[in-house]
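Summary of structural features
Given next are the chains, with one letter for each unit.
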Amino acid sequence: MVWGATLLLALLNSHFGFGQSTDIFRFEYLNIPENDTGIKTQRYKMLFNLPFKLNEKKDYLITGFEYNRLDVGYSREFPFDKSELIRFHVADLNLGLITKWNENWNLVTIVTPRIASNFVSGTITDDFFLNATATLWKENTTADKPFRIVLGLSLNSTTGLPIPLPVISYYKKFRPNWSYTLGIPRSSIKHYLGKKHTLQMALFLDGYFINIQNNIMVPDNEIASKISLSALVGAFGYQYNISKRMSVFLLAGRSLEQQGKLRNDDKQDVFLLNDEANFYIRTGFKIGIFN
């Protein structure tokens, strides 16, 4: 139960945000090399999640923290000053509660205060965002073909949509050395080469939505106050398992769809920065819940 509780917090801590994680601790480096638009991105991520048992009913309070630093480089000129669009920071504080809904399902509720900004002059009100998620979770790890189902809704202030978005994940280990996960924001299939080596193919959403403290005037007299990137990525991955929970990994692929934009206070597009596909390389170390 304790591992599953932490999984759910890590799985749901962002929706159309920085992707998803099933880890207790992770340090990760992402490199999106320069493409035809002349933009490159590097991201450094650190996260941890920690559960606390509340009572004998096996209710848990889950706490977590995630920090991301993004460094963006530009090799071409734009019709505005980009000097304050080079380094960004995103920090999430995750607070979750998991309770027994009935004999088969658990209810998971998560609130995620977020601060996302270029921090050129301290912090301001527009740097703060609030996300919330509610899901039902069911799993059977002792079945002949272990499975896990997550169904719920997420209200995310950084998507630009004022309605709850679906959270769907179905995992199944259909053979001793094969498993798959279908869902939003990630789907994958894994092949286990013994206890030490894992190969995978994955399709997932990644990106960011960050406040710009000093508004930028762009063409057509538009004002940009936010920067965003959304990408659909297809990738191949390799993981080396140092121990049952500890591993290093490499994920390499290419964005199938990608859009980097400047937006106004109403989250409307005011300038297109990047709509060209990129290579996508991610590597790191993690202490995970599952192999």
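First, a word on scope: everything that follows refers to the structure included in this document. Just so it is clear, the model here is predicted, and its values are computed rather than measured.

When you go through the protein residue by residue, the secondary structure sums to one helix and 15 strands. Residues classed as buried in the protein amount to 48% of the 291 residues present. Looking at the protein alone, contacts between residues at least 24 apart form 57% of all its contacts between residues at least 6 apart. Per element, the accessible surface of the protein, about 14100 Å² overall, is 60% carbon and sulfur.

Cis rather than trans, the peptide bond between Ile184 and Pro185 has omega equal to 20 degrees. Structurally, Pro185 can be placed in the loop between β9 (178-184) and β10 (186-193). With phi around 50 degrees, Phe119 is a residue other than glycine that occupies positive phi space. Take Phe119: it is sitting in the loop between β5 (106-117) and β6 (128-140). According to the relative accessible area criterion, Phe119 is partly exposed, its value standing at 29%. In the Ramachandran plot, Asn221 falls in the positive-phi region, its phi being about 60 degrees despite a non-glycine side chain. In this fold, Asn221 is placed in the loop between β11 (197-218) and β12 (222-241). Looking at Asn221, the relative accessible area reads 70%, which means it is exposed.

This part takes up the pattern of salt bridges. The full count for this structure, using the stated rule, is 13 salt bridges. Between Asp71 and Arg87 there is a salt bridge, and its shortest N-O distance comes to 2.8 Å. With a gap of 16 residues between them, Asp71 in strand β3 (residues 60-74) and Arg87 in strand β4 (residues 87-100) connect regions that are remote in the sequence. Asp92 is the partner of Arg114 in a salt bridge, and the nearest nitrogen-oxygen pair spans 2.6 Å. Pair noted here: Arg114 is in strand β5 and Asp92 is in strand β4, with a separation of 22 residues, a long-range link. Comparing Arg114 with Asp92, the two get one shared label, buried. Several salt bridges share partner residues, and in doing so they unite Arg26, Glu28, Arg43, Asp206 and Arg282 into one network.

A few words on the pairing of β9. Relative to β9, strand β8 (residues 165-175) is paired through six bridges, and the arrangement is antiparallel. Pairing of Ile168 across the sheet is with Ile184, part of β9. Where β8 folds back on β9, the antiparallel hairpin that results is connected by two residues. Bridge count for β9 against β10 is four bridges, and the pairing is antiparallel. Directly across from Trp178, in β10, lies its bridge partner His191. As consecutive antiparallel partners, β9 and β10 are separated by one residue.

Within the structure shown, the criterion is met by 11 aromatic pairs. Pairing Phe129 with Phe209 gives two aromatic rings, centres 6.0 Å apart and planes at 80 degrees, and the pair type is edge-to-face. In this pair, Phe129 is assigned in strand β6 and Phe209 in strand β11, connecting sequence segments 80 residues apart. Using a relative accessible area of 11% as the deciding quantity, one classes Phe129 as buried. Summarising the aromatic geometry, the rings of Tyr170 and Tyr180 are spaced 6.1 Å apart at their centres and angled 55 degrees between planes, so their arrangement reads as tilted. Of this pair, Tyr170 sits in strand β8 while Tyr180 sits in strand β9, and the two are 10 residues apart along the sequence. Judged by relative accessible area, Tyr170 falls into the partly exposed class, the value being 27%. With relative accessibility at 23%, the residue Tyr180 sits in the partly exposed group. Directly above the aromatic system of Phe279 lies the positively charged group of Arg254, at a separation of 4.8 Å from the ring centroid.

What follows deals with the pairing of β3. A regular strand carries its side chains on alternate faces of the sheet. Counted residue by residue, β3 has 11 buried out of 15 residues, so it is predominantly covered. Taken together, the 15 bridges between strand β2 (residues 39-53) and β3 define a ladder with antiparallel strand orientation. Pairing of Phe48 across the sheet is with Phe65, part of β3. Linking two consecutive strands that pair antiparallel, namely β2 and β3, is a turn of six residues; a positive phi of about 65 degrees is found at Lys58 within it. In this sheet, β4 lies alongside β3 in antiparallel orientation, the contact comprising 12 bridges. Bridge pairing in β4 places Gly64 opposite Asn94.

The rules we used
- Residues numbered from 1 in each chain as written.
- Predicted model: local features only at pLDDT ≥ 70, side-chain atom pairs only at ≥ 80, totals over all residues.
- Heavy atoms only, no water.
- Helix = DSSP H or I, 4+ residues; strand = E, 2+ residues; numbered from the N terminus.
- Buried < 20%, exposed > 50% of the residue type's maximum accessible area, 1.4 Å probe, protein only.
- Contact = heavy atoms within 4.5 Å.
- Areas by Shrake-Rupley, 256 points an atom, 1.4 Å probe, with all protein chains shown as cover.
- Salt bridge = Lys/Arg side-chain N within 4 Å of Asp/Glu carboxyl O.
- Pairing = 2+ DSSP bridges.
- Phe/Tyr/Trp six-rings, centres within 6.5 Å; stacked < 30°, edge-to-face > 60°.
- Lys NZ or Arg CZ within 6 Å of the ring centre and 35° of its normal.

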